[in-house]
Amino acid sequence: MSAAAPPAAGGKPCPICGKPMVEKYRPFCSARCADLDLHRWLTGAYAIPVTENDDEDGEEPSLAPKPPRED
Ligand SMILES: [Zn+2]
């Protein structure tokens, strides 16, 4: 969808650095890039704001606050 560069012959480039993908670390080129992406993903997930507007059925007015998630 957001391919900045055309895919390399035989595989997609590493989404982190753009180098040719290595099968062992796919879709990345190395364990370093895979780890980097994981960190990005985790930090990004933490940064996602919680949506308080739950458009469900609209049957229940929010009389009582929902209990927080228990990790
Ligand atoms: Zn890479």
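Remember, it's a predicted structure, so these values are computed and weren't measured experimentally. (Residues numbered from 1 in each chain as written. Predicted model: local features only at pLDDT ≥ 70, side-chain atom pairs only at ≥ 80, totals over all residues. Heavy atoms only, no water.)

*Asks:* Looking at this structure, I do not really get the overall build of the chain. What am I missing?
*Replies:* Looking only at helices and strands, one finds one helix and zero strands in the chain. Across the chain, every contact between residues at least 6 apart in sequence was considered, and the portion connecting residues at least 24 apart equals 3%. As displayed, the chain has an accessible area near 7000 Å², and 56% of this comes from carbon and sulfur atoms. (Helix = DSSP H or I, 4+ residues; strand = E, 2+ residues; numbered from the N terminus. Contact = heavy atoms within 4.5 Å. Areas by Shrake-Rupley, 256 points an atom, 1.4 Å probe, with all protein chains shown as cover.)

*Asks:* Is there a simple way to explain the environment of Thr-43 in this structure?
*Replies:* Here Thr-43 shows up in helix 1 (residues 31-47). Here Arg-40 takes part through its backbone oxygen, which lies 2.9 Å from a polar atom of the side chain of Thr-43. (Polar contact = N/O pair within 3.5 Å; in protein donor to acceptor, adjacent residues only side chain to side chain.)

*Asks:* Would you take a moment to explain the coordination of the zinc ion for this structure?
*Replies:* When four donors bind a metal tetrahedrally, each ideal donor-metal-donor angle is 109.5 degrees, and when six bind octahedrally, the ideal angles are 90 or 180 degrees. For the zinc ion, the full set of protein donor atoms is Cys-14 (SG), Cys-17 (SG), Cys-29 (SG) and Cys-33 (SG), and the range of their distances to it is 2.3 to 2.4 Å. Classification of the site at the zinc ion rests on its four donor atoms, whose angles at the metal span 100 to 117 degrees, yielding the label tetrahedral. In the primary structure, the donors to the zinc ion are separated according to the pattern C-x2-C-x11-C-x3-C. Residue Cys-14 is found in the segment before helix 1, and its partner Cys-29 is found in the segment before helix 1; the two are separated by 15 residues along the sequence. Judged on exposure class, the residue Cys-14 and its partner Cys-29 are both buried. (Donors = N, O, S within 2.8 Å, 3.2 Å for Na, K, Ca; no water. Tetrahedral: all angles 85-135°; square planar, octahedral: opposite > 155°, others 65-115°. Buried < 20%, exposed > 50% of the residue type's maximum accessible area, 1.4 Å probe, protein only.)

*Asks:* Would you mind going over the UniProt feature "binding site: Zn(2+)" (unreviewed entry) in the chain with me for this structure?
*Replies:* Taking the UniProt record as the reference, the feature "binding site: Zn(2+)" (unreviewed entry) is found at Cys-14, Cys-17, Cys-29 and Cys-33. The largest pairwise C-alpha distance within this set of annotated residues, which runs over 20 residues, is 8.1 Å, so the set is compact in three dimensions. Dropping the residues within four chain positions of it, Cys-29 is found in contact with Cys-14, Cys-17, Lys-19, Pro-20, Met-21 and Val-22. Relative to the elements of secondary structure, Cys-33 occurs in helix 1. For Cys-33, the contacting residues outside a window of four places in its chain are Cys-14, Ile-16, Cys-17 and Phe-28. (UniProt positions renumbered as here; feature names shortened; annotations may be inferred.)

*Asks:* What's the story with the nonpolar core in this structure? I'm lost.
*Replies:* Across soluble globular proteins, nonpolar side chains have a tendency to be buried as a group. Ranked by size, the top nonpolar core spans five residues in total: Cys-14, Ile-16, Phe-28, Cys-29 and Cys-33. Ignoring sequence-local partners within four residues, the contact set of Cys-14 consists of Lys-19, Pro-20, Met-21, Pro-27, Phe-28, Cys-29 and Cys-33. (Core = buried A, V, L, I, M, F, W, Y, C linked by side-chain atoms within 4.5 Å.)

*Asks:* I would appreciate a short explanation of a nonpolar patch on the surface in the present structure.
*Replies:* Residues Leu-38, Trp-41 and Leu-42 make up a contiguous nonpolar surface patch of roughly 340 Å² in combined accessible area. Overall, the relative accessible area of 45% leaves Leu-38 in the partly exposed class. (Patch = residues over 30% accessible without salt bridge, like charges linked within 9 Å, V, L, I, M, F, W, Y side chains within 5 Å. Salt bridge = Lys/Arg side-chain N within 4 Å of Asp/Glu carboxyl O.)

*Asks:* Just checking my understanding: could you explain the pattern of salt bridges for this structure?
*Replies:* Where charged atoms from two side chains of opposite charge come close, those side chains can pair. According to the stated counting rule, one finds one salt bridge in the structure shown. A salt bridge links Glu-23 to Arg-26, with the nearest nitrogen and oxygen atoms 3.3 Å apart. A single burial state applies to Glu-23 and to Arg-26, both of which are exposed.

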